[in-house]
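# Per-entry structural report
Below, each chain spelled out in residue letters.
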Amino acid sequence: MSEAQSDMSEKPLPAIRITYCTQCQWLLRAGWMAQELLSTFGTDLGEVTLVPGTGGIFTISCNDQLIWERKRDGGFPDAAKLKQLVRDIIDPERDLGHADRKTHKKTDPA
């Protein structure tokens, strides 16, 4: 086991939980969001769990901390917003590249 792996094994990796409404047919949306998070954070996440629910529920939590609730937050987060919310909990210093850029007004002079 490498030193990096042993360091990581000491602290449990973050757990994401996406609870979605089966009555509203939000499984595909929940699955897409899980895929976006796994594509961005990869092995920095311990798990991403999809939890079926009812009654219009759509919530996302990270390490049991609620980071998005459809009714409270007014709909669904876009991929960039969701990645920022997760990043802010698991690794606030992490650069998300284009997902962090607020505007595209500046151009690269190079």
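Predicted, not measured: the structure shown is a model, and the values here were computed from it. (Residues numbered from 1 in each chain as written. Predicted model: local features only at pLDDT ≥ 70, side-chain atom pairs only at ≥ 80, totals over all residues. Heavy atoms only, no water.)

### What to know about the side chain of Ser61
- Locating Ser61 in the fold gives a position in strand β3 (residues 58-62).
- Leave out the neighbours within four places in its chain, and Ser61 touches Ala15, Ile16, Arg17, Leu66 and Ile67. (Helix = DSSP H or I, 4+ residues; strand = E, 2+ residues; numbered from the N terminus. Contact = heavy atoms within 4.5 Å.)

### Structural notes on the sheet that holds strand β2 (residues 47-53)
- If you walk across this open sheet you meet the four strands as β2-β1-β3-β4, and the pairing is mixed. Unpaired on one side and paired on the other, β2 and β4 (65-69) mark the two borders of the sheet. For this sheet the average axis-to-axis angle between neighbouring strands, irrespective of direction, equals 20°.
- Pairing of strand β1 (residues 15-21) with β3, which is carried by five bridges, proceeds in the antiparallel orientation. Within β3, the position partnered with Ile18 by the bridge is Ile60.
- Sheet contacts for helix α4 (residues 79-90): β1, β3 and β4; angle to β4, the most-contacted strand, approximately 170°. (Pairing = 2+ DSSP bridges. Axes fitted to C-alpha atoms, helices over the stretch in contact; angles between N-to-C directions.)

### Quick notes on the pairing of β2
- With seven bridges joining them, β1 and β2 adopt parallel strand pairing. Note that in β2 the partner of Thr19 across the bridge is Val51.

### Concerning the pattern of salt bridges
- One pass over the full model with this rule turns up four salt bridges.
- Between Lys83 and Glu36 there is a salt bridge, with the nearest N and O atoms lying 3.0 Å from each other. Taken together, the residues Lys83 in helix α4 and Glu36 in helix α2 (residues 27-41) connect sequence positions 47 residues apart. (Salt bridge = Lys/Arg side-chain N within 4 Å of Asp/Glu carboxyl O.)

So, to be careful, I would describe these as geometric facts and stop short of saying anything about function.
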